[in-house]
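# A look at the structure
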Amino acid sequence: MGQFHLLCDDENDYAEWMAACQLASKGKTLDDPSFDSEVSGVKAFLTMQSKKPQPSDVTEVSPNDFVSQRILKKLKPHKVAEMIWKHRAKVNQLPELEAKLQYIRSWEALMDYGISYFIVRFSRAKKDELLGITYNRMIRMDINTHEHKQTWRYSAMHAWNINWEIKEMKIEHEDSNFQFSCSSADLKIVHEYIGGYIFLSMRQDQEEELDTEMFLKLTGGWHQSSDPTVLPSSN
């Protein structure tokens, strides 16, 4: 995977680039009506970062109330407390609603935002791995490091089916065919996630009438036969 470094002229230029990248990651173009709101969200996030924290007593912060023991073992508690207080000072003067919106924007900016994780075992694999499911793709990851090993986009999927006797799902994809079992949840839940996201991606107009038959076909596979669920044409 290659890396690119962009040098932006000013804050507005940076906000437009970030908004464009965020839209591209969702499969949208610059003509999408949400572009301006994406730019505004990035600018608001930059404003929050640029605010200087007010001096206060860091000892008032208890890292154990905010951070897991796994993180505290890697960083000194006093250092963690300083980081928490620094970021708190950026929002503590905001109205409650605006502070909540800033929190949501920061959450959405996280690299793993919107990913649901399942512990799976791929066929012929000797150990468990993570399967991340998002609104537009599935991601095969290392269970310890969360390193991305392979990505399968729904737009290149042809069909999938489940063998309910051995609890195994098979995916027919443009790049490869693969199958896996799930140990962290019932396999029907994985099926519902994939089918639900594909159904949402097919609804270009959110005001159009809900196609109940197609929704049940894509998400209700546990009460159907073992025949594969074939994706409808996008045309």
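Residues numbered from 1 in each chain as written. Predicted model: local features only at pLDDT ≥ 70, side-chain atom pairs only at ≥ 80, totals over all residues. Heavy atoms only, no water.

Along the chain, the position of Thr 219 falls in helix 7 (residues 212-219). Among the polar contacts listed, one links the side chain of Thr 219 to the backbone oxygen of Phe 215, at a separation of 2.7 Å. Excluding its chain neighbours within four sequence positions, the residues that come into contact with Thr 219 are His 191, Glu 192, Gly 195 and Gly 196. (Helix = DSSP H or I, 4+ residues; strand = E, 2+ residues; numbered from the N terminus. Polar contact = N/O pair within 3.5 Å; in protein donor to acceptor, adjacent residues only side chain to side chain. Contact = heavy atoms within 4.5 Å.)

Considering all chains together, one arrives at five salt bridges under this definition. Here Lys 100 ties to Glu 96 by a salt bridge, and the two come within 3.1 Å at their closest N and O atoms. Of this pair, Lys 100 and Glu 96 both sit in helix 5 (residues 96-108), four residues apart, roughly one helical turn. What makes Lys 100 partly exposed here is its relative accessible area of 48%. Notably, a salt bridge pairs Arg 121 with Asp 128, separated by 2.9 Å at the nearest N-O pair. By relative accessible area, Asp 128 is classed as partly exposed at 28%. Linked through salt bridges whose partners overlap, the residues forming this network are Glu 129, Arg 140 and Lys 149. (Salt bridge = Lys/Arg side-chain N within 4 Å of Asp/Glu carboxyl O. Buried < 20%, exposed > 50% of the residue type's maximum accessible area, 1.4 Å probe, protein only.)

Here the focus is a nonpolar patch on the surface. On the surface, Leu 97, Leu 101, Tyr 103, Ile 104, Trp 107, Leu 110 and Tyr 113 cluster together into a nonpolar patch covering about 750 Å² of accessible area. Mapped onto the secondary structure, Ile 104 falls in helix 5. (Patch = residues over 30% accessible without salt bridge, like charges linked within 9 Å, V, L, I, M, F, W, Y side chains within 5 Å. Areas by Shrake-Rupley, 256 points an atom, 1.4 Å probe, with all protein chains shown as cover.)

What you see with strand 1 (residues 116-122) is a clean split: Ser 116, Phe 118, Val 120 and Phe 122 sit on the buried side and Tyr 117, Ile 119 and Arg 121 on the side with no burial. Pairing of strand 1 with strand 2 (residues 129-133) involves five bridges; the strand directions are antiparallel. Along strand 2, the bridge assignment pairs Tyr 117 with Gly 132. Following strand 1, the chain reverses through six residues before pairing antiparallel with strand 2; Arg 124 in that reversal takes a positive phi of roughly 70°. Note that strand 1 and strand 7 (residues 177-182) share three bridges and pair antiparallel. Within strand 7, the residue paired with Phe 122 across the bridge is Phe 180. (Pairing = 2+ DSSP bridges.)

Quick look at the environment of Phe 45 now. With respect to the secondary-structure elements, Phe 45 resides in helix 2 (residues 35-50). Take Phe 45: its relative accessible area is 24%, and that puts it in the partly exposed class. Considering only alpha carbons, one finds Phe 45 and Tyr 103, 58 residues apart in sequence, at a separation of 9.5 Å. Other than its neighbours up to four places away in sequence, Phe 45 contacts Gln 102 and Ser 106.

To continue, consider the packing of aromatic side chains. The tally for this structure, following the rule as stated, stands at nine aromatic pairs. Residues Trp 107 and Tyr 113 carry aromatic rings whose centres are separated by 5.1 Å and whose planes lie at 85° to one another, so their mutual orientation is edge-to-face. The class of Trp 107 is partly exposed, set by a relative accessible area of 44%. The exposure class assigned to Tyr 113 is partly exposed, which follows from its relative accessible area of 38%. Ring geometry for Phe 118 and Tyr 193: centres 5.4 Å apart, planes at 80°, overall edge-to-face. With Phe 118 in strand 1 and Tyr 193 in helix 6 (residues 187-202), this pair connects stretches of sequence that are 75 residues apart. (Phe/Tyr/Trp six-rings, centres within 6.5 Å; stacked < 30°, edge-to-face > 60°.)

Turning our eyes to something else, we now look at the environment of Ile 162. Turning to its location among the elements, Ile 162 is positioned in strand 5 (residues 157-163). Residue Ile 162 is classed as buried on the basis of its relative accessible area, which comes to 5%.

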